[in-house]
Amino acid sequence: MKFGTKAIHAGVHPDESTGAIMTPIYQTSTYVQDGVGNHKGYEYSRTLNPTRHALEKNIAAIENGKYGACFGSGLAAIDCIIKMLNPGDEVISTNDLYGGTYRLFRTIFEKYGIKFHFTAMQDASAVSDLVNENTKLIWVETPTNPMMNIIDIKAMSAIAKSCGAWLCVDNTFATPYLQNPLDLGADIVMHSVTKYLGGHSDVVMGALVTSDDAIAAEMYRIQNSSGAVTAPMDSFLVLRGIKTLHLRMQRHCENGEKIAHFLKGHAKVDKVYWPGFEDHPNHNVAKDQMRGFGGMISFTLKGNKIEDAHEIVKKVELFALAESLGGVESLIGHPATMTHASIPKEEREKSGVVDSLIRLSVGVEDVEDLIADLEQALS
Ligand SMILES: *Cc1c(COP(=O)(O)O)cnc(C)c1O
């Protein structure tokens, strides 16, 4: 089955008791049993709920995996994976990791004796250099935020296999429409469903997908034991959102490409970071592992003045100034004072987050209107 068909049909069936074509919102905590131990597959909604179950099967299918699990947020999904590790285990990850993931690793799990390394993963040899007998997990995010670096998933998979570690890919930015990490050798895929999968900026949720039986058993055990599950109503909203994921992503990509080119040709713009450009340092890897380049773009201004960046994010009218990404509406952000404000200036500048850097999450509006809005704000 191809992607769009799976997005609409995988995991969902008309309701047997009424014929309702849409999966009902099973707003229930428990399920009546006919006799002790005699139930219909559902006992308690922390363990399993029919609406969430349909969504978990759907997300597993669009990521070409066997098992899916949904959580109360993207960070709760990441929390589940790190809980599979033991004290003394080591994790290698990228140095421009999503800030919330970095905080979870450093301020929660380090004190349980798990060690985290961060490096520029675009360079595979930098990763190999950190491998030792305690390496249990390689954690990849690609494209990265906000610099849009591309990490070679196949190369990371080769390193993980050589040392017996798991490879997990945070696929939030690319979505399964553009990139399927399991097909490229990853053991686990993670999503902040909050972003493109939900797609309408109305739900906070996370998900994991794997095809490995042993990892899946641990994933469901921790999901049930820690209890960071997602609600039936939210599961319903995301099931509805995913039905148009392929249509939205197609438009995000088309609009992203036009806006990236518009920015590159603008006199006030200095650098544009978007993996679709041939002169992007990792363009060939992006072309190899992605089916399109998406709607996330970062750019800097000539002169690199923070006041200029602040003025632009204030002057735009269609682009909303907000954190988050991946919704149908276009968003604009200023990493140095928003998402990356807690990182010291010298540190963030090393990874490219300079004062004038602006990040766009290009929505699915008419692109002429978006370009006109950026043009008036820049001039
Ligand atoms: C937002 C985000 C997360 C965290 O997800 P939440 O749903 O906000 O908990 C993790 N990784 C990436 C790349 C994100 O953009």
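Just so it is clear, the structure is predicted and the values come from calculations on it, not from any experiment. (Residues numbered from 1 in each chain as written. Predicted model: local features only at pLDDT ≥ 70, side-chain atom pairs only at ≥ 80, totals over all residues. Heavy atoms only, no water.)

### Side note on unusual backbone geometry
Okay, step 1: A cis amide bond links T142 with the next residue in sequence, P143, at an omega value of -5 degrees.
Okay, step 2: Its place among the elements puts P143 in the loop between strand 4 (135-141) and helix 6 (153-163).
Okay, step 3: With an omega of 0 degrees, the peptide bond between N145 and P146 qualifies as cis.
Okay, step 4: Residue S201 is not a glycine yet carries a positive backbone phi of 50 degrees.
Okay, step 5: Within the secondary structure layout, S201 lies in the loop between strand 6 (188-192) and strand 7 (206-210).
Okay, step 6: Even without being glycine, N304 reaches a positive phi, approximately 50 degrees.
Okay, step 7: Inspection of the secondary structure assignment puts N304 in the loop between strand 9 (296-301) and helix 12 (306-315).
Okay, step 8: The exposure class of N304 is partly exposed, given its relative accessible area of 31%. (Helix = DSSP H or I, 4+ residues; strand = E, 2+ residues; numbered from the N terminus. Buried < 20%, exposed > 50% of the residue type's maximum accessible area, 1.4 Å probe, protein only.)

### With respect to the site of the ligand
Okay, step 1: Inspection of the region around the ligand gives 13 residues, with G74, D170, S192, T194 and K195 positioned closest.
Okay, step 2: The side chain of D170 places a nitrogen or oxygen atom 2.7 Å from a nitrogen atom of the ligand.
Okay, step 3: Between the ligand and T194 there is a distance of 2.7 Å, counted from an oxygen atom to a side-chain nitrogen or oxygen.
Okay, step 4: When isolated, the ligand has an accessible area of 380 Å², and the protein chains bury 93% of it.
Okay, step 5: Of the pockets mapped on this structure, the ligand occupies the largest pocket.
Okay, step 6: Among the residues making up the shell around the ligand, the classes are represented as 5 nonpolar, 5 polar and 3 charged. (Near = heavy atom within 4 Å. Polar contact = N/O pair within 3.5 Å; in protein donor to acceptor, adjacent residues only side chain to side chain. Areas by Shrake-Rupley, 256 points an atom, 1.4 Å probe, with all protein chains shown as cover. 1 Å grid on protein atoms, 1.4 Å probe; cavity = no way out; pocket = protein on both sides within 12 Å on 5 of 7 lines; lining within 4 Å. Sits in = over half its atoms within 2 Å of the grid points. Nonpolar A, V, L, I, M, F, W, Y, C, P; charged D, E, K, R; others polar.)

### Quick notes on empty space enclosed by the protein
Any empty space left between the atoms is revealed when a probe the size of a water molecule rolls over them.
Okay, step 1: In total, this model carries 2 cavities of 30 Å³ or more according to the counting rule given.
Okay, step 2: Lining the largest cavity are A322, E323, G333, H334, P335, M338, T339 and R359.
Okay, step 3: Residues of the lining of the largest cavity, tallied by class, amount to 3 nonpolar, 3 polar and 2 charged.
Okay, step 4: Size it by volume and the second largest cavity reaches roughly 40 Å³.
Okay, step 5: Considering the residues around the second largest cavity, the lining is formed by P143, M148, F173, A174, L178, Y196, M290, F293, G294, G295 and M296.
Okay, step 6: Partitioned by chemical class, the residues of the lining of the second largest cavity number 9 nonpolar, 2 polar and no charged. (Points joined across faces, edges and corners; volume = space filled by probe spheres on them.)

### Overview of the domain arrangement of the chain
Okay, step 1: Domains assigned within the chain are domain 1 (3-242) and domain 2 (245-378).
Okay, step 2: Distance between the C-alpha centres of domain 1 and domain 2: 26 Å.
Okay, step 3: Between domain 1 and domain 2, the residue contacts involve 36 residues of the former and 37 residues of the latter.
Okay, step 4: Both faces combined, the contact of domain 1 with domain 2 buries some 3100 Å², and carbon together with sulfur accounts for 61% of it.
Okay, step 5: Taken as a group, M147, L178 and Y196 account for 26% of the area that domain 1 buries against domain 2, more than any other trio of residues on that side.
Okay, step 6: There are 1 salt bridge connecting domain 1 and domain 2.
Okay, step 7: D288 serves as the salt-bridge partner of K154, at 3.6 Å between the closest nitrogen and oxygen.
Okay, step 8: Taken together, the links from domain 1 to domain 2 amount to 16 residue pairs in polar contact (both at pLDDT 80 or more).
Okay, step 9: Those elements that provide at least two residues to the side of domain 1 that touches domain 2 are helix 1 (3-9), helix 6, helix 7 (175-178) and helix 9 (232-242).
Okay, step 10: Split by residue class, the side of domain 1 that touches domain 2 holds 20 nonpolar, 13 polar and 3 charged. (Domains from an automatic or database assignment. Contact = heavy atoms within 4.5 Å. Buried area = accessible area lost by both parts, 1.4 Å probe. Salt bridge = Lys/Arg side-chain N within 4 Å of Asp/Glu carboxyl O.)

### Topic: the nonpolar core
Okay, step 1: Judged by nonpolar contacts, the single largest core of 38 residues is most densely connected at L55, I59, V193, M205, V238, I242 and L245.
Okay, step 2: At the level of elements, helix 1, helix 2 (50-62), strand 7, helix 9 and helix 10 (245-264) are the ones that each hand at least two residues to this core.
Okay, step 3: The element contributing the most residues to this core is helix 2, with 5 residues.
Okay, step 4: Among the nonpolar cores identified, the runner-up in size contains 26 residues, and A76, M84, L97 and I188 belong to it. (Core = buried A, V, L, I, M, F, W, Y, C linked by side-chain atoms within 4.5 Å.)

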